[in-house]
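A look at the structure
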Amino acid sequence: MEDLYEDIIVPVTKDTAAKALEPSIEKLKKELNEVSDSINNQLDTAGLENISASFRFPGGSARDLLSGFELRLEDPSNTSIFRKGMGIQSMAIMASFMWITRQEKDNGNSVVWMLEEPESYLHPELADSCRRVLDRLNNESTVVSTTHSIGFVPSDPNRVVGTELVGEDPERRTEIKKFTNYYSATQSLRNSLGVKFSDFYNLSKLNVFVEGPSDRELIKWFLKATKGESVEDLECSLLRESEIYDFGGVSQLEGFLKATWRFIHKERAAVSLFDGDEAGVNARSNLQSYFGQNEIRFETKKDFLSVRKGFAIEGLFPDDWIKDIYSEKGNWFDEYSEDAMGNLEPFGLRRGKADPFRNRLVRRAESQDGFEWAGKWISVCNHLHEALRWQADKLGLELH
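Reference entry: report on the structure contained in this document. (Residues numbered from 1 in each chain as written. Predicted model: local features only at pLDDT ≥ 70, side-chain atom pairs only at ≥ 80, totals over all residues. Heavy atoms only, no water.)

A few points about helix H4 (residues 124-138)
Put simply, the rule reads: Secondary structure counts use DSSP, requiring at least four H or I residues in a row for a helix and at least two E residues in a row for a strand, with both numbered from the N terminus. Expected span, for any helix, means 1.5 Å times one less than how many residues it has. Burial classification: accessible surface area is computed with a 1.4 Å probe over protein chains only, and a residue below 20% of its type maximum counts as buried, one above 50% as exposed, and the rest as partly exposed. Arc definition: directions from the helix axis to the C-beta atoms.
With 15 residues, H4 extends 21 Å between its outermost C-alpha atoms, agreeing within 8% with the 21 Å of an ideal straight helix rising 1.5 Å per residue. Restricting attention to buried positions, one finds in H4 the residues Leu-126, Ala-127, Cys-130, Val-133, Leu-134 and Leu-137. Buried residues of H4 fall within an arc of 120° about the axis and therefore sit on the same side. Residues of H4 that are exposed and point more than 90 degrees away from the buried face comprise Pro-124 and Glu-125.

This is how it looks when you write it as structure tokens:
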């Protein structure tokens, strides 16, 4: 950064300041001559007539008088540019390029900027600002840059060239590669870097998408409760290796999948888990219809599961436990019924009662000896495990 500053910014700044000083140069010379005349008079008086003093500008020009320029930035602390972070330093220097370009053009010069990886040191917000600066700079000069950042690839494919290694040693060489569209240009970069669409969402190798935080917390609770335990028929090793992501609600999960599933399912093992209540059923149905029309895979027990028909995830606990809570805390429910055979039907909870309802179910489960109560939980976890395995096999992922 200091080399860029000294080699690019300082010289043009000195030229500009020297022009501003020109009207005062003759006066400055006169003042300096008076000083040298005074010195010479003193030398003559001392009998040193053979010595003569005079002042000359360093290098013979006013420009060379100028030194010690310091570029300062305030954010809000006002300090030298070199006391700021590298990203801010980089942005400030690139921001100066427009002024330097205009100075050079005023002198009749054409300007070409050659920038190597301008994204270096920049966090995402600064990178976006940098792109805007360089786009404007390109309107007044020629900007040639190398980059490993997809965000710095121009949308116009005519402005993009890539490089690729071809041939075998010792004949191996680098060739220029052109692109017909933006997608192919960025796809080449993604391939060379091993970058995938799903990386943007920080997804793991194995992933489970759920509607909301209560779904995520209950699944994690069950996995923790059964960890190290011998639970008959439970196989969820891949589920334990997975990251579980909630989206704050079923509509948010639906929107996320509509926007991303066409890419994600080709890159990551990911299974979506929907509640079996009306909202979950509607979201699942909408997605199947949408993906079917667009010929995108979205299959039951492979890409998604529903916890239990008609019920949210709390319906995986024994029905008798839910009936017992109703008998004690009927005012927690705004909808509750049993059919003629005494089977529990889908129910609804009043606002603010979902948390105490779940807590009571969890406490009762934790008080049990063994996991005879957990049949529905075991079934869901087993199906998630099998779906993750199927996807991992299809993608050729190496699993522990």
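This is not the end of the story, as more comes after the structure.
What to know about unusual backbone geometry
When glycine is set aside, most residues are seen to have a negative phi, and most peptide bonds are trans. A cis amide bond, omega 5°, links Asp-75 with the succeeding residue Pro-76. Its place among the elements puts Pro-76 in the loop between strand E1 (72-74) and strand E2 (78-80). Cis geometry marks the peptide bond from Asp-169 to Pro-170; its omega dihedral reads 0°. Topologically, Pro-170 is positioned in the loop between strand E5 (161-166) and strand E6 (173-178). Within the chain, Tyr-121 stands out as a residue other than glycine whose phi angle is a positive 75°. A relative accessible area of 53% means that Tyr-121 is categorised as exposed. Positive phi values are uncommon outside glycine, yet Lys-301 reaches one of about 65°. On the secondary structure map, Lys-301 appears in the loop between helix H9 (278-293) and strand E10 (304-306).

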